[in-house]
There are 2 protein chains.
Amino acid sequence: MQSFMFHNPTRIEFGAGAADKVGPVCAGLGRTALLLAGQGSARRSGLLERVRTSLEAAGLRVVLHEGVRPNPVLSHVQAGIALARAEGVDLVVAVGGGSVLDSAKAVAAGACAGHDVWDFFCGQAQVEAALPLVAVLTLAATGSEMNGGGVVTREETREKLPFSSPHCFPRVSLLDPALTLDVSADQTANGLADAFAHLLEPYLSGTDPRPVVQLELKEALFHCLLDSGARLRRDLRDLEARADMMWTATLALNGITSVGIGPTLWPLHLIEHSVSALTDIAHGAGLSALTPGWLRWRLEQVDAETIQSRVTRLGERVFGLASGGPAETIVALETWYRSVGAPASLAEAGVDPALFADIAANAARTARAWGMAQYSEPALGEILRRAAGA
Amino acid sequence: MQSFMFHNPTRIEFGAGAADKVGPVCAGLGRTALLLAGQGSARRSGLLERVRTSLEAAGLRVVLHEGVRPNPVLSHVQAGIALARAEGVDLVVAVGGGSVLDSAKAVAAGACAGHDVWDFFCGQAQVEAALPLVAVLTLAATGSEMNGGGVVTREETREKLPFSSPHCFPRVSLLDPALTLDVSADQTANGLADAFAHLLEPYLSGTDPRPVVQLELKEALFHCLLDSGARLRRDLRDLEARADMMWTATLALNGITSVGIGPTLWPLHLIEHSVSALTDIAHGAGLSALTPGWLRWRLEQVDAETIQSRVTRLGERVFGLASGGPAETIVALETWYRSVGAPASLAEAGVDPALFADIAANAARTARAWGMAQYSEPALGEILRRAAGA
């Protein structure tokens, strides 16, 4: 095992009625809350009003900042920061899924910075302070509710980049699986695919030849995703399956299963961020659409030995293949993606091959910044062709 | 899934040289440290001096309080509290295994209380504050390095009771698996058995008929214990196996695998505390010695349906039994205990049957206090007879 530091201070309140704790939870954290939400679903369901009422009943002043897009954009974050400063906000409350949480983290950090918030994303600055953040989760997918990271798109340059900081962990995240009962079949599939990728990329990463604990824990969570995916395919309103999926997605990216493997590489996320920056498809759909093609490409590279054995192990331990190599695992993965309603190729995701050159150029720029020389523009073009599908 | 709160604020620093971070880590937490240690092994290995040197180099004054026994006793905790007060201690540093950590938590809480520390153990008082605690771990077993609980024995009444508080989580725990390379075969077996029990009791607990995530995660950690146990049987100085065992034991009792199942019952711990209170055998050995007999008794009770299916699942998923019921699982468990050098019966642990009546009376007293009516004195006597062995 490699040396590691693990510290995850987020408090989770999980279960029926968790959202109604938002007022009491926030009362000790600030006096004026910036309430971030998306494009209307929390308003339509009544949740936004419930949260506002709870906050106001606890004595907080509420400043609303709605309109976070599914692939959240920098301009909306910057507007949130300006609003937070103008209104003397000392606390950020996010009501939504990963996009709202990611935006909220950027607002919380940006409001405390003396420079543009984008500096955090392009590596020009480190977060040194952030407003406290409390989250009310409405979508099981990104794990943003229990980590310090976020991803935002800068519209004018089509850069979709992540940032993370220990200061950006939510203080408290309120997780009520009942709030996800009405999530559509597509969005549910996207969430499953996203959490799957959060497990898969570290599963295939690292220099340790046999990271026993980390592989075992991730296989446990893979099983949970397969299990809740199957139950939700039968009934999208299966509350127990929603609860299992929600807690699994949180655990998939809260650090606990991956510390000690050394650096995780995120090539699928790198490429997907360029896909969704240019096409605005859902992040989870982009990930599942890319994964089989990327795997086939990756397994042909000269340094594929560890990944070959890991993909074989994934087939045996997760997809229950009695034997067979990586190729069979990829077929099983495609079958699983399609079974839950996630695209298994870029064609299935509706991505026009005419965009591949732009996507490759966009992703190559990030790969250079991240020192991932293997992901040159020609290599990325080849990966996209392998992922193109029919 | 049941509603739950999860909040584990302990920071883990894991890997080679972790112990040398103790000075820098503590510098921001206090000025005078009470340094708790056991009965000489940390002194003999040079670790105690290394820790003291690191603390003093960071500008802290160090007050030493050695002599914590393997089953730690109240009188030593009380002496530590008196010393902490006399010396104006504002920070507790524990160097050792679970006993030292448990004692350190009691000292840290007791030093802030206006009453006897035992009140926390017998439910007369709740911890409202504690001195900050930093741990340097020398034994993989109890998980005390990442939770807020501890167990101490009151000598005059032979009561061995737990307490726990959110205030008693270590601020930072320093985990260097190399510090466990010289742990004896017996102590290694005890650690494996202890961590196994920390997984097993919640695995068999709860009212949820199918806690998918929690069962999967625990099965992953069971696999890790079997794996590191087998490697350590071949070579006690296998550093990678020591690392896997250490992180597994931490995860086995840090809450992450068990939240959401509802209340965990701890009957094996309850009975074992009485065994070790009266015989002073190692806690892990007491647990493995009791488990097969307790399981056979438990499976015959009228409310055993869930436990029967869980024990069967344990056999299939953990011990790889193709089929068979609970009885075969228990045999596989006994075989595993013996394979790692842990006793599978009270006879193998050297517990004299003449003590069974006293043990049963002692445990029945705790069971009454905890509202576990099923564990009457006659029932406990029967469990001990079932666990007696040859």
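Residues numbered from 1 in each chain as written. Chains lettered and ligands numbered in written order. Predicted model: local features only at pLDDT ≥ 70, side-chain atom pairs only at ≥ 80, totals over all residues. Heavy atoms only, no water.

**Student:** Pulling in residues and values, what's your account of the relation of the copies chain B and chain A?
**Tutor:** Between chain B and chain A, which share one sequence, the superposing operator has a rotation angle of 180 degrees and an axial displacement of 0.0 Å; the RMSD is 0.0 Å. What we have between these two chains is a two-fold relation. No C-alpha of chain B lies nearer the rotation axis than that of B:P9, which sits 2.3 Å from it. Both copies share a contact surface, since 100% of the interface residues of chain B are interface residues in chain A too. (Least-squares fit on C-alpha atoms with pLDDT ≥ 70 in both. Contact = heavy atoms within 4.5 Å.)

**Student:** How would you sum up the packing of helix α11 (residues 283–298) of chain A against helix α15 (residues 377–387) of chain A? Please name residues and give values.
**Tutor:** Residues and elements named next belong to chain A. Following both chains from N to C, one finds α11 and α15 inclined at 120 degrees, their axes separated by 7 Å at the closest point. Judged by the angle between their axes, α11 and α15 are oblique. Of the two elements, α11 crosses α15, and the hand of that crossing is right-handed. Only A379, E382, I383, L384, R386 and A387 of α15 make contact with α11, whose side of the interface consists of A289, L290, G293, W294, R296 and W297. (Axes fitted to C-alpha atoms, helices over the stretch in contact; angles between N-to-C directions. Helix = DSSP H or I, 4+ residues; strand = E, 2+ residues; numbered from the N terminus. Parallel < 35°, antiparallel > 145°, perpendicular 65-115°, else oblique. Left-handed = near helix turned anticlockwise from the far one by under 90°.)

**Student:** Tell me about the side chain of A:S165, residues and numbers included.
**Tutor:** Structurally, the position occupied by A:S165 is in the loop between β8 (159–164) and β9 (172–175). In contact with A:S165, not counting residues within four places along its chain, are A:V127 and A:G148.

**Student:** So what about the packing of aromatic side chains? Which residues, and what values?
**Tutor:** All names here are of chain A. According to the stated counting rule, one finds 28 aromatic pairs over all chains in the structure shown. Taken together, a centroid distance of 5.0 Å and an interplanar angle of 15 degrees make the contact between W118 and F121 stacked. In this pair, W118 and F121 both sit in helix α6 (residues 118–121), three residues apart, roughly one turn of the helix. Each member of the pair, W118 as well as F121, is classed as buried. Feature note: the residues F196, Y203, F222, F319, W336 and Y337 constitute an aromatic cluster, connected by ring pairs. (Phe/Tyr/Trp six-rings, centres within 6.5 Å; stacked < 30°, edge-to-face > 60°. Buried < 20%, exposed > 50% of the residue type's maximum accessible area, 1.4 Å probe, protein only.)

**Student:** Please give an account of unusual backbone geometry that cites residues and values.
**Tutor:** Residues and elements named next belong to chain A. The phi dihedral of R158 is positive, around 55 degrees, even though this residue is not glycine. Residue R158 is classed as partly exposed on the basis of its relative accessible area of 40%. Non-glycine residue D280 carries a positive phi angle of around 65 degrees.

**Student:** Lay out the confidence of the model for chain A with the relevant residues and their values.
**Tutor:** This prediction gives chain A a mean pLDDT of 97; 100% of its residues lie at or above 70. For this predicted complex, the interface score ipTM comes out at 0.97, while the overall pTM is 0.97. (pLDDT = per-residue confidence, 0-100.)

**Student:** Before we move on, could you go through the pairing of strand β7 (residues 149–154) of chain A and cite the residues and values that matter?
**Tutor:** Residue and element names in this part refer to chain A. Across the six residues that make up β7, a large majority, five, are buried. As judged from the six bridges shared by β7 and β8, these two strands associate in the antiparallel manner. Looking across to β8, one finds that R154 is bridged to E159. (Pairing = 2+ DSSP bridges.)

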